[in-house]
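Per-entry structural report
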Amino acid sequence: MKTAIVRHLATQRSLDLTDLETEFDPEFGILWGYMKPQGVPSFTPKLLEDIRKHDRLLETNGGRVFYEGEYRAVNYYVGASRRKGVFNLGGDLSYFMQCIERRDRDALLAYATLCVDNLYPRTQNYFAPGMITISLVQGDALGGGFEVALSSNVIIAEEQAKMGLPEILFNLFPGMGAYSLLARRVGPRLAESMILSGNLYPAAKLHEMGIVDMVVPEGQGEMAVYEYVEKVHKRRNGVAATYQARQTVFPVTHEELMKITTIWVDAALRLEDKDVRTMTRLVRSQSRLTQGAAAGNPAVEKQAR
């Protein structure tokens, strides 16, 4: 079993990224993208900017990275996290509250647009037909974190991970792709049920529902990625083409994502004081999680009540 991972430093150094760390394994052409935002492990504007900066270069180079003096094809792009116990907690709630208090629609829309501009290319495999995208979820993926996981062709989750869309708990909805991506996996009725419940689901349950593709024991996520890659590598062209066909039959367009995220912006600006207070409690909970990151996983569905 392949266990060593070769650091890919060229892109990170040239782009001066601080909240995203990348590694490249040239044997299989695996690009690992590890989120490592400063502070609360959410989609801060800085993390979003780092991801977009890196991925824009990947798109410009035709799905290739510069490695040891030459451009190498990325066959698999794995999205993961460096934060133990957390994949990503979703939107930057502190930033949302600041924008809502200022009634700053332009700032909220700019943030939401950056989220869509990051998510959409991943749903299109970064416009590289032979690439397969994988989300490796080794901790909780909430809200926007779950949306990003859903944007990949394949979701591999460790058994302790939980995923869900808690936005309804503060009277909002996940507006950066959840409805579009869930509806294409499980149908609109179940997608709406998940969105409106605010529940978190264990990885095993999501596997039963057909949302997560593979569940593995805690600590075995990276090895599971290699197991998947070794299994499909000889027929990668056919597998990637099948995912491309899926996108053709059930297309996700940038226009659709932008229309929905604009609904989200307007809904956010209609939040009442009691909703913002609930959001404030979540922010405090996330801050405590950050200060004691080793303590365990967030129980957002309990803390928000």
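Just above sits the structure.
Just so you know, these numbers come straight off a predicted model, no measurement behind them.

Thresholds, definitions, all that
- Residues numbered from 1 in each chain as written.
- Predicted model: local features only at pLDDT ≥ 70, side-chain atom pairs only at ≥ 80, totals over all residues.
- Heavy atoms only, no water.
- Salt bridge = Lys/Arg side-chain N within 4 Å of Asp/Glu carboxyl O.
- Helix = DSSP H or I, 4+ residues; strand = E, 2+ residues; numbered from the N terminus.
- Buried < 20%, exposed > 50% of the residue type's maximum accessible area, 1.4 Å probe, protein only.
- Pairing = 2+ DSSP bridges.
- Axes fitted to C-alpha atoms, helices over the stretch in contact; angles between N-to-C directions.
- Core = buried A, V, L, I, M, F, W, Y, C linked by side-chain atoms within 4.5 Å.
- Contact = heavy atoms within 4.5 Å.
- Expected span 1.5 Å × (residues − 1).
- Phe/Tyr/Trp six-rings, centres within 6.5 Å; stacked < 30°, edge-to-face > 60°.
- Lys NZ or Arg CZ within 6 Å of the ring centre and 35° of its normal.
- Patch = residues over 30% accessible without salt bridge, like charges linked within 9 Å, V, L, I, M, F, W, Y side chains within 5 Å.
- Areas by Shrake-Rupley, 256 points an atom, 1.4 Å probe, with all protein chains shown as cover.
- Lys, Arg positive; Asp, Glu negative; His and termini not counted.
- Charge placed at Lys NZ, Arg CZ, Asp CG, Glu CD.

**Some words on the pattern of salt bridges**
What the rule picks out here adds up to twelve salt bridges. Here D50 and K46 are joined by a salt bridge, their closest N and O atoms 2.5 Å apart. Note that D50 and K46 are positioned in helix 2 (residues 45-60) at a spacing of four residues, about one turn of the helix. A salt bridge links R184 to E256, with the shortest nitrogen-to-oxygen separation between them at 2.9 Å. Of this pair, R184 sits in helix 6 (residues 178-186) while E256 sits in helix 11 (residues 254-268); the two residues are 72 residues apart in sequence, bridging distant segments of the chain.

**Overview of unusual backbone geometry**
Notably, R103 is not glycine yet its phi reads approximately 55°, a positive angle. You can see R103 is positioned in the loop between helix 3 (93-102) and helix 4 (105-123). On the accessibility criterion, R103 (49% relative accessible area) is partly exposed.

**Notes on the sheet that holds strand 10 (residues 162-164)**
Taken in spatial order, the four strands of this open sheet run 6-8-10-11, and their pairing is mixed. Lying at the two open borders of the sheet, with one neighbouring strand each, are strand 6 (86-88) and strand 11 (200-202). Adjacent strand axes in the sheet meet at a mean angle of 20° when their direction is disregarded. Bridge analysis of strand 10 against strand 11 gives three bridges, and the strand direction is antiparallel. Bridge pairing links M163 to Y201 in strand 11.

**Some thoughts on the nonpolar core**
Most often, soluble globular proteins have nonpolar side chains that are buried together. Counting residues in each nonpolar core, the largest one holds 61 residues, and the members touching the most others are L108, V137 and L206. The greatest single-element share of this core, amounting to eight residues, is contributed by helix 4. Among residues more than four places away in sequence, those in contact with L206 are F146, M163, M194, Y201, I211 and V212. Listed in part, the 22 residues of the second largest apolar core include Y76, V78, A80 and V225.

**Thoughts on helix 2**
Taking 1.5 Å per residue, 16 residues should reach 22 Å; helix 2 reaches 22 Å between its end C-alpha atoms and fits that length. Listed in full, the buried residues belonging to helix 2 are L47, L48, D50, I51, R52, H54, D55 and L58. Just downstream of helix 2 lies G62, where phi reads positive at about 65°.

**What to know about the environment of C99**
Take C99: it is sitting in helix 3. Along the chain, C99 and L109 lie ten residues apart, while their C-alpha atoms are 9.9 Å from each other. Apart from residues lying up to four places away in sequence, C99 is in contact with D104, A107 and L108.

**Some thoughts on the packing of aromatic side chains**
Tallied over the full model, the rule gives ten aromatic pairs. When the ring of F66 is compared with that of Y71, the centres are 5.0 Å apart and the planes differ by 65°; the resulting orientation is edge-to-face. Aromatic ring contacts, followed pair by pair, group F28, W32, Y34 and Y226 into a single cluster. In this structure, R82 is placed above the aromatic ring of Y34, and the distance from its NZ or CZ to the ring centre is 3.7 Å.

**Considerations on the side chain of S42**
By secondary structure assignment, the location of S42 is in the loop between strand 2 (30-35) and helix 2. Beyond its immediate stretch of four places on either side in the chain, S42 contacts P37, L47, N88, L89, G90, G91 and D92.

**What about a positive patch on the surface?**
Side chains of R277, R281, R284 and R288 sit close together on the surface and give a patch of like positive charge. Within the fold, R281 resides in helix 12 (residues 273-291).

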